[in-house]
Amino acid sequence: MTYPTQPTASHFINGEYVEDTSGTPINVIYPATGEIIATVHAATPALIERAIESANAAQAAWAAMTGTERGRILRRAAKIMRKRNHALSVLETYDTGKPYQETSVADATSGADALEYFGGMAATLTGEHIQLGEDWVYTRREPLGLCVGIGAWNYPTQIACWKGAPALACGNTMIFKPSETTPLCALKVAEILHEAGLPPGVYNVVQGLGEVGAALVTDPRVDKVSLTGSVPTGRKVYAAAAECMKHVTMELGGKSPLIIFEDADIENAVSGAILGNFYSSGQVCSNGTRVFVHKAIKEAFLGRLAARLEGAVIGDPMQPKTSFGPMVSERQMNIVLGYIEKGQAEGARLVCGGARLDRAGFYLQPTVFADVSDDMTIAREEIFGPVMAVLDFEDEAEVMARANDTEFGLAAGVFTRDLARAHRVAAGFEAGTCFINSYNDAPVEAPFGGVKASGVGRENSKVAIEHYSQVKSVYVRMGDLEAPF
Ligand code: NAD
């Protein structure tokens, strides 16, 4: 079988595809079959240098363009992405293994939303005027300079755009390093941006493992680092960035709570739990993997959940009917299998799933554990796979304390028909992104990000502008200046 995935070259630097086969080869594996579908090469030090030099050289002229001009290019890129949604979705499916049913509505489309939203906002970015008697201060909203984006493997197109769009709108340039597991999609983002008129050097893509990321993060010419990845990587990258006082955005992992009260609409709550645990085969950072269900409705909830899971169509991700695909890699599949074993060994009740599927590729069954207690490993650690832990509760104050008893704070959700309780619970969550009677919506208009170990800063929305620009204040004296001597 031939796959439509072999990229023109491994990197995109200074407006063109660049190859250097002396870099470490990185095989791209289609998770649905285990076959190698493409090979890219990690960036050599010389290529990293070339990317930094060209991004640096391009920055002043890009920032000197008006916001309207910059925005027009981003919006043009959004339009091209939408037009090519099918091809980009196919590529995303081959890169990640996520079903086309998902990628055709959640990846290039989400990337295009970010380009359109921040493209529209570029012209509105201004400083302010502060009158002080006859003197005054004005502020200039200025770009940070050269931003480095580092991606995780679960949403390669989306992450490349969520970081690139606000960075570019503010007049920064960017070097994006995709995850070594899913290196293909970001190249297409760079290609489309340039087709839309982006000047060379403004958005570059270099491939590589963590060491390429680390070389970018520690370079003194880089002004900001935005990472999407795990908490341990986040700690390393944040510490390295701190050496040079670089700005950071950290979009890290989670172990988010989803609380279902006894008055919840059970079908909606089951839908929320499915979306928050099994979409993208559970490989979503904000997933609500600790599902606290009120004792009074627990068995009813589990019954409906098991019945609804029967409806999952597991199989070839390219088939439009398939709603549940493989894990991204053999390694990730084995990590998740290890957690499933631990869940059983520590005494959780396996309600459904729990095994690898007997077919090619890295397929796991959607898995639900009940009778999970707070101290079990599967209730404490991020699994990043299709494993839901259902925990019981009886009292609101008790469940809130348990929901917040975690080092993470990415997301949280509540299902209830009681309006006052819904808002009280949302206010009480120690999490950056909360949902009431819903789960995992991530519109570009809303801030997205975590608190505690789950991250620093926010992506999307107006708030992202604060993380890709800085404010200079200029005091203007209108009269004579008095001095003590
Ligand atoms: P990871 O931490 O292993 O890798 C993330 C990226 O960091 C990769 O590109 C990797 O090459 C790079 N990297 C590794 N070491 C580095 C170093 N020392 N310096 C610079 N870069 C380095 O994460 P992953 O396994 O690719 O992705 C899964 C994780 O990402 C999960 O924990 C998930 O929760 C998290 N995630 C978070 C969000 C969010 O928005 N909060 C979104 C998606 C995924």
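Draft legend 1. Fine view of the overall build of the protein. Looking only at helices and strands, one finds 16 helices and 20 strands in the protein. Taken against the 2.2 N^0.38 rule, which gives 23 Å for 485 residues, the C-alpha radius of gyration of the protein at 23 Å falls within 12% of a compact globule. Oriented by its inertia axes, the alpha-carbon framework of the protein measures out at about 75 × 60 × 40 Å. Expressed as a percentage of the 485 residues in the protein, the buried residues total 57%. Sequence separation of 24 or more characterises 73% of the internal contacts of the protein that already satisfy a separation of 6 or more. Carbon and sulfur atoms form 53% of the exposed surface of the protein, whose accessible area is close to 19,200 Å². Taken together, the 42 basic and 56 acidic charged side chains of the protein have centroids lying 3 Å from each other.

Draft legend 2. The arrangement of the packing of aromatic side chains in detail. Applying the stated criterion across every chain yields a total of 8 aromatic pairs. When the ring of Trp153 is compared with that of Phe384, the centres are 5.1 Å apart and the planes differ by 70°; the resulting orientation is edge-to-face. Of the two residues, Trp153 is situated in the loop between strand S7 (146-150) and helix H6 (156-169) and Phe384 in the loop between helix H13 (377-380) and strand S16 (387-393); the sequence distance between them amounts to 231 residues. Phe384 sits in the buried class, given a relative accessible area of 16%. The ring of Tyr468 is capped by Lys224, whose NZ or CZ atom sits 4.4 Å from the centre of that ring. Between Lys342 and the ring centre of Tyr339, over which it is positioned, the NZ or CZ distance is 5.6 Å.

Draft legend 3. Representation of the sheet that holds strand S20 (residues 469-476). If you walk across this open sheet you meet the 3 strands as S5-S6-S20, and the pairing is antiparallel. Lying at the two open borders of the sheet, with one neighbouring strand each, are strand S5 (129-132) and S20. This sheet shows a mean twist of 20° between the axes of neighbouring strands, independent of strand direction. Relative to strand S6 (residues 135-143), S5 is paired through 4 bridges, and the arrangement is antiparallel. Residue pairing in the sheet places Leu132 in a bridge with Asp135 of S6.

Draft legend 4. Spatial organisation of the sheet that holds strand S12 (residues 257-260). An order of S14-S15-S16-S13-S12-S17-S18 is seen for the 7 strands of this open sheet, with the pairing classed as mixed. Either end of the sheet is taken by a strand with one partner, and the two such strands are strand S14 (349-352) and strand S18 (433-436). Within this sheet the neighbouring strands show an average axis-to-axis angle of 20°, counted without direction. Where S12 meets strand S17 (residues 411-415), 3 bridges bridge the pair, whose relative direction is parallel. Opposite Ile260, over in S17, you have Phe415 as the bridge partner. Across the face of the sheet, helix H14 (residues 396-404) comes into contact with S12, strand S13 (290-294) and S16 while running at roughly 145° to S16.

Draft legend 5. Main features of unusual backbone geometry. Positioned with a positive phi, Ser281 is a non-glycine residue whose angle comes to about 50°. Assignment of secondary structure puts Ser281 in the loop between helix H10 (266-278) and S13. Taking relative accessible area as the criterion, Ser281 reaches 2% and is therefore assigned buried. The phi torsion at Asp371 lies on the positive side, around 55°, for a residue other than glycine.

Draft legend 6. Fine view of the site of the ligand. Surrounding the ligand, one finds 27 residues, the nearest of these being Gly151, Glu180, Ser230, Thr233 and Glu382. Within the backbone of Gly151, one N or O atom sits 2.7 Å away from an oxygen atom of the ligand. Within the side chain of Glu251, a nitrogen or oxygen atom sits 3.3 Å from a nitrogen atom of the ligand. Taking 860 Å² as the accessible area of the ligand by itself, protein coverage stands at 87%. Counting residues per element, the shell around the ligand draws most heavily on helix H8 (residues 210-218), at 3 residues.

Draft legend 7. Inspection of the pattern of salt bridges at higher detail. Within the structure shown, the criterion is met by 28 salt bridges. Between Asp107 and Lys98 there is a salt bridge whose closest N-O contact spans 2.9 Å. One exposure class covers both Asp107 and Lys98, and it is buried. Asp374 is the salt-bridge partner of Arg402, the closest N and O atoms lying 2.7 Å from each other. Within this pair, whereas Arg402 is found in helix H14, its partner Asp374 is found in the loop between strand S15 (367-370) and H13, the two being separated by 28 residues in sequence. By relative accessible area, Arg402 is classed as buried at 17%.

Draft legend 8. Focus on the pairing of S13. The element S13 is extensively covered by neighbouring structure, given that 5 of its 5 residues are classed as buried. On the question of chirality, the crossover connecting S12 to the parallel S13 by way of H10 is right-handed. Looking at chain direction, S13 and S16 are connected through 5 bridges and run parallel. Of the residues in S16, the one forming a bridge with Val293 is Asp392.

Draft legend 9. Broad picture of the packing of helix H2 (residues 67-83) against helix H7 (residues 185-195). H7 packs onto H2 with a crossing angle of 120° between their chain directions and a minimal axis gap of 8 Å. Comparing the axis directions of H2 and H7 gives the class oblique. At the point where H2 passes H7, the crossing takes the right-handed sense. On H7, the residues touching Ile73, Leu74, Ala77, Ile80 and Met81 of H2 are Val189, Ile192, Leu193 and Glu195. Of the residues in the contact of H2 with H7, the class split is 8 nonpolar, no polar and 1 charged.

Draft legend 10. Local environment of the nonpolar core. Ranked by internal contacts, the top residues of the largest apolar core, which has 54 residues, are Met81, Leu115, Phe118, Leu168, Leu193 and Tyr203. For this core, the elements supplying multiple residues, two or more each, are helix H1 (45-64), H2, helix H5 (108-121), H6, strand S8 (173-177), H7, strand S9 (203-205) and helix H16 (463-467). Beyond its immediate sequence surroundings of up to four residues, Phe118 is in contact with Leu74, Ala165, Pro166, Ala169, Val444, Asn460, Ser461, Ala464 and Ile465. If you look at the next biggest cluster of nonpolar residues, it comprises 29 residues, including Met327, Leu391, Phe393 and Ala412.

Cut-off values and rules
- Each chain carries its own residue numbering, running from 1 in the written order of its sequence.
- pLDDT decides what is reported in this predicted model: residues at 70 or higher carry local features, side-chain atom pairs at 80 or more are listed and counted, and totals for whole chains, interfaces and linings draw on all residues regardless.
- Side-chain figures throughout are based on the complete set of non-hydrogen atoms in the structure, without hydrogens or water.
- For helices the rule is a DSSP run of H or I covering at least 4 residues; for strands it is a run of E covering at least 2, with both sets numbered from the N terminus onward.
- Radius of gyration means the value over C-alpha atoms here, while the globule rule gives 2.2 Å times the residue count to the 0.38 power.
- Exposed residues in this analysis have more than 50% of their type's maximum accessible area, buried residues have under 20%, and partly exposed residues fall in between, with area computed by a 1.4 Å probe over protein chains only.
- Contact between two residues is taken to exist if any of their heavy atoms lie within 4.5 Å; hydrogens are not considered.
- Here, Shrake-Rupley sampling with a 1.4 Å probe gives the accessible areas, and only protein chains in the shown set may cover a residue.
- The positive count covers Lys and Arg only, the negative count covers Asp and Glu only, and His and the chain ends enter neither.
- All charge positions are set by atom: Lys at NZ, Arg at CZ, Asp at CG, Glu at CD.
- We call Phe, Tyr and Trp rings a pair once their centres come within 6.5 Å, taking the six-membered ring for Trp, and we label the pair stacked below 30 degrees between planes, edge-to-face above 60, and tilted otherwise.
- Criterion for a charge above a ring: Lys NZ or Arg CZ within 6 Å of the ring centre, and within 35 degrees of the ring normal.
- Whether two strands pair depends on DSSP finding at least two bridges between them.
- Lines fitted to the C-alpha atoms define the axes, with helices restricted to the stretch that makes contact. Angles between their N-to-C directions range from 0 to 180 degrees.
- Residue proximity to a molecule or strand is established when one non-hydrogen atom of the residue lies within 4 Å of it.
- Any pair of N or O atoms that falls within 3.5 Å is considered a polar contact. Within protein, one atom must be able to donate a hydrogen and the other to accept it, and sequence-neighbouring residues count only if both atoms are side-chain atoms.
- Here, a salt bridge means any side-chain nitrogen of Lys or Arg that lies within 4 Å of a carboxyl oxygen of Asp or Glu.
- Orienting the strands away from the viewer, one traces the path from the first strand over the helix to the second; a clockwise path indicates a right-handed crossover.
- Each angle is binned into one of four classes, with values under 35 degrees roughly parallel, values over 145 roughly antiparallel, values of 65 to 115 roughly perpendicular, and all other values oblique.
- Less than a right angle of anticlockwise turn of the near helix away from the far helix marks a crossing as left-handed, whereas a clockwise turn marks it as right-handed.
- Polarity classes work like this: nonpolar for Ala, Val, Leu, Ile, Met, Phe, Trp, Tyr, Cys and Pro, charged for Asp, Glu, Lys and Arg, and polar for all others, with Gly in that last group.
- In these notes, a set of buried Ala, Val, Leu, Ile, Met, Phe, Trp, Tyr and Cys residues joined through side-chain atoms within 4.5 Å is what counts as a nonpolar core.

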